[in-house]
Amino acid sequence: MEDNLLNNLPGTRDLLPDEISRWQLVEDSTRRIFAQYGFQEIRTPIFEATELFARGIGGDTDIVGKEMYTFEDQSGKSITLRPEATASVVRAYAQHTMYRGAGLTKLYYIGPMFRHEKKQKGRWRQFYQIGAEALGSDNPAIESEAIEMILQLLASMKVTTRLLINSVGDPNCRPRYVELLRQELRQHLPHLCEDCRRRSETNPLRILDCKVESCQPYIQRLPKITDHLCEECARHFRAFRDHLEEAGIGYEIVPRLVRGLDYYVRTAFEIVSGGLGAQNALVGGGRYDGLSEVLGGPHVQGFGFAMGLDRLVMILPEELCSGIAWRPEVFVAFLGDAAFRLALSIARALRGHGRSCYVEFSGGSLKSQLRLANKLRAQHVLIIGEDELAREKYQIRRMVDSTQWEITLPELIRYLQLRQP
Ligand code: HAM
């Protein structure tokens, strides 16, 4: 069947003007709060070489295995729409030798990501992330600081959350734990789901994250990774928790938290929110010290996170969103052709003074223009009729209390300036 060209594709959506102010509220607060913590914006391409993600994220992950939007370009090169941005940021950091001279490089991004996921509430195929990456330090203090920063943003958005943390070990201790898992899993294999059975060979750690009900009793009995960390990893995890505690940040240790991307070492975390339902993860992140080397770059220590912007916007409390939508300060209503020209020039003059103005080009009756002004929630309506035209004095109506009085243009400019907070 042919697609209806007037419908967008499943898993994508148009963000219409009515909704966009919520997005801008979050984005503006992000820029303000992240700057306070010394993070600077980076914008990387929306598409990259497929291999960057395949290697960076890991071949046995759902993302690389089933969810990437991959195509060949005209030159036959395999290209992928980015499913996440950490691999891209690490690539950019290495490519532009940003490690030279800088101790710690703190970067953030806001933008769309693409994953061909099953449709579900809170899951889109084009979704937006706000992410931050701190590169060049293995200090657990940066982990706690970055988490503090995102919690600060979420608190300013009046969203209640829980912080879940874990350590997934490192190449020193994880292989031993994975082997232990494999052995334990062998006896339960017949009872596990197909994905788990496959993963028991390819990537046993991911079994811990299985959501299939019938697997749960067996997964509960598996050894905990936090009981099998090497001394270095255990020390790191302890120091990370100390920093969280000193910052007054509450957390829960969840030894089954392993994340869906393969690049993590040591600290892994998620921030969840009750309002989200099944897809309750709002933020996910962790440490990825080996990622740059996997991509052929130098050894780079890194820690970061990404937040689902779509998900946050879904649960923004109404009280925060009232009064943030765009509204004109002055709606200029006019009657007749001559008044139309004057309306345009008055709007131009007001905009020159930094005010926002709206003129409805099709004109119409005063009643219909006032109706539109109401719909746009204009703060004032300036009425220019035949009489007013000759006298260079107009009627101004303050919409909040419907008071109306006569005003000249210089008086209006002054009045609007005085209203400024
Ligand atoms: P992730 O856990 O795959 O991590 O994604 C982070 C967040 O993006 C999720 O917690 C969720 O809120 C949102 N998200 C993911 N997929 C979707 C979807 N299909 N629809 C809506 N929202 C979604 C990463 O992407 C890592 N790059 C995070 C990171 C940065 N780790 C270190 N630095």
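Treat the numbers as computed from the prediction; the structure is a model and nothing was measured. (Residues numbered from 1 in each chain as written. Predicted model: local features only at pLDDT ≥ 70, side-chain atom pairs only at ≥ 80, totals over all residues. Heavy atoms only, no water.)

Right, let's talk about the pairing of strand S10 (residues 281-287) for a bit. With 6 of its 7 residues buried, S10 lies for the most part within the structure. Sheet topology note: the S10/strand S11 (residues 302-308) ladder contains 5 bridges and is antiparallel. Across the sheet, the residue bridging to glycine 286 is glycine 304, located in S11. (Buried < 20%, exposed > 50% of the residue type's maximum accessible area, 1.4 Å probe, protein only. Helix = DSSP H or I, 4+ residues; strand = E, 2+ residues; numbered from the N terminus. Pairing = 2+ DSSP bridges.)

A word on the pattern of salt bridges. Tallied over the entire structure, the rule returns 28 salt bridges. One salt bridge connects arginine 198 with aspartate 60, and the closest N-O pair in it is separated by 3.1 Å. With arginine 198 in helix H7 (residues 194-202) and aspartate 60 in the loop between helix H2 (50-57) and helix H3 (62-67), the pair connects residues that are 138 residues apart, well separated along the chain. The class for arginine 198 is partly exposed, based on a relative accessible area of 37%. Accessibility expressed as a relative area gives 16% for aspartate 60, which makes it buried. A network of salt bridges, in which partner residues are shared, links Asp60, Asp62, Lys66, Asp195, Arg198 and Arg199. (Salt bridge = Lys/Arg side-chain N within 4 Å of Asp/Glu carboxyl O.)

Within the structure, the ligand sits among 27 residues, and Glu84, Glu117, Trp124, Glu133 and Tyr264 are positioned closest to it. Separating a nitrogen atom of the ligand from a side-chain N or O atom of threonine 86 is a distance of 2.9 Å. In the environment of the ligand, an oxygen atom lies 2.9 Å from a nitrogen or oxygen atom belonging to the backbone of alanine 281. Contact with the protein chains covers 96% of the free accessible surface of the ligand, which is 660 Å². Going through the elements one at a time, strand S6 (126-135), S10 and S11 are the ones with two or more residues in the shell around the ligand. Counting residues per element, the shell around the ligand draws most heavily on S10, which supplies 6 residues. (Near = heavy atom within 4 Å. Polar contact = N/O pair within 3.5 Å; in protein donor to acceptor, adjacent residues only side chain to side chain. Areas by Shrake-Rupley, 256 points an atom, 1.4 Å probe, with all protein chains shown as cover.)

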